[in-house]
Amino acid sequence: MKHSVNRPPTPDAVEDQGKEPTLQEIINIKLIESGKKEMLMELLRERLIERLIECGWKDEMKALCRRKEEIMLLWMTLCI
(Lines give C-alpha, C1' and ligand atoms only; values in the text may rest on other atoms or scores of the structure.)
Protein backbone atom coordinates (compact mmCIF):
# COMPACT_ATOMS: atom_id res chain seq x y z
CA MET A 1 0.00 0.00 0.00
CA LYS A 2 1.09 3.54 -0.77
CA HIS A 3 0.76 5.95 2.13
CA SER A 4 0.38 9.73 2.13
CA VAL A 5 0.16 12.36 4.80
CA ASN A 6 -2.94 13.97 3.26
CA ARG A 7 -5.03 10.95 2.25
CA PRO A 8 -5.72 7.38 3.27
CA PRO A 9 -3.60 4.58 1.84
CA THR A 10 -4.15 3.74 -1.83
CA PRO A 11 -4.33 0.00 -2.46
CA ASP A 12 -1.88 -1.41 -5.00
CA ALA A 13 -3.22 -2.79 -8.29
CA VAL A 14 -2.12 -6.28 -7.25
CA GLU A 15 -4.29 -6.11 -4.14
CA ASP A 16 -7.34 -5.03 -6.21
CA GLN A 17 -7.18 -7.99 -8.59
CA GLY A 18 -9.96 -10.43 -7.88
CA LYS A 19 -11.73 -8.02 -5.53
CA GLU A 20 -15.48 -7.92 -6.11
CA PRO A 21 -17.01 -4.43 -6.32
CA THR A 22 -19.24 -3.42 -3.43
CA LEU A 23 -22.93 -2.77 -3.90
CA GLN A 24 -22.24 0.96 -3.55
CA GLU A 25 -19.61 0.81 -6.31
CA ILE A 26 -21.95 -1.15 -8.60
CA ILE A 27 -24.76 1.34 -8.09
CA ASN A 28 -22.41 4.26 -8.71
CA ILE A 29 -21.16 2.69 -11.96
CA LYS A 30 -24.71 2.03 -13.17
CA LEU A 31 -25.80 5.60 -12.37
CA ILE A 32 -22.83 7.05 -14.26
CA GLU A 33 -23.37 4.76 -17.26
CA SER A 34 -27.05 5.67 -17.49
CA GLY A 35 -26.43 9.39 -17.05
CA LYS A 36 -28.73 9.47 -14.03
CA LYS A 37 -26.05 10.40 -11.49
CA GLU A 38 -25.72 13.99 -12.74
CA MET A 39 -29.52 14.36 -12.83
CA LEU A 40 -29.80 13.12 -9.24
CA MET A 41 -26.99 15.44 -8.12
CA GLU A 42 -28.75 18.42 -9.73
CA LEU A 43 -32.04 17.51 -8.01
CA LEU A 44 -30.19 17.24 -4.71
CA ARG A 45 -28.57 20.66 -5.22
CA GLU A 46 -31.94 22.24 -6.04
CA ARG A 47 -33.58 20.70 -2.98
CA LEU A 48 -30.71 21.76 -0.74
CA ILE A 49 -30.96 25.34 -1.95
CA GLU A 50 -34.73 25.29 -1.35
CA ARG A 51 -34.22 24.04 2.22
CA LEU A 52 -31.52 26.65 2.94
CA ILE A 53 -33.88 29.39 1.78
CA GLU A 54 -36.80 27.94 3.79
CA CYS A 55 -34.84 27.89 7.03
CA GLY A 56 -33.44 31.41 6.53
CA TRP A 57 -29.79 30.36 6.19
CA LYS A 58 -29.33 32.22 2.91
CA ASP A 59 -30.59 35.51 4.38
CA GLU A 60 -28.42 35.03 7.49
CA MET A 61 -25.33 34.49 5.32
CA LYS A 62 -26.09 37.60 3.25
CA ALA A 63 -26.42 39.65 6.45
CA LEU A 64 -23.13 38.27 7.81
CA CYS A 65 -21.35 39.07 4.57
CA ARG A 66 -22.71 42.61 4.56
CA ARG A 67 -21.62 43.07 8.18
CA LYS A 68 -18.13 41.76 7.43
CA GLU A 69 -17.88 44.12 4.46
CA GLU A 70 -18.90 47.07 6.65
CA ILE A 71 -16.28 46.13 9.26
CA MET A 72 -13.57 45.78 6.60
CA LEU A 73 -14.43 49.18 5.12
CA LEU A 74 -14.37 50.77 8.56
CA TRP A 75 -11.02 49.13 9.34
CA MET A 76 -9.57 50.32 6.02
CA THR A 77 -10.66 53.90 6.65
CA LEU A 78 -9.15 53.84 10.16
CA CYS A 79 -5.84 52.52 8.84
CA ILE A 80 -5.46 55.23 6.21
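Residues numbered from 1 in each chain as written. Predicted model: local features only at pLDDT ≥ 70, side-chain atom pairs only at ≥ 80, totals over all residues. Heavy atoms only, no water.

Our next topic: the pattern of salt bridges. The full count for this structure, using the stated rule, is six salt bridges. Put simply, E54 and R51 hold a salt bridge, and the shortest N to O gap is 3.3 Å. Highlighted residues: E54 and R51, both in helix α3 (residues 36–54), separated by three residues, approximately one helical turn. Among the residues examined, E54 registers a relative accessible area of 53% and is labelled exposed. (Salt bridge = Lys/Arg side-chain N within 4 Å of Asp/Glu carboxyl O. Helix = DSSP H or I, 4+ residues; strand = E, 2+ residues; numbered from the N terminus. Buried < 20%, exposed > 50% of the residue type's maximum accessible area, 1.4 Å probe, protein only.)

As a further point, take helix α2 (residues 23–34). Here α2 is 12 residues long and its end C-alpha atoms lie 17 Å apart, about the 16 Å a rise of 1.5 Å per residue gives. Among the residues trailing α2, G35 stands out with phi positive, at a value near 80°. (Expected span 1.5 Å × (residues − 1).)

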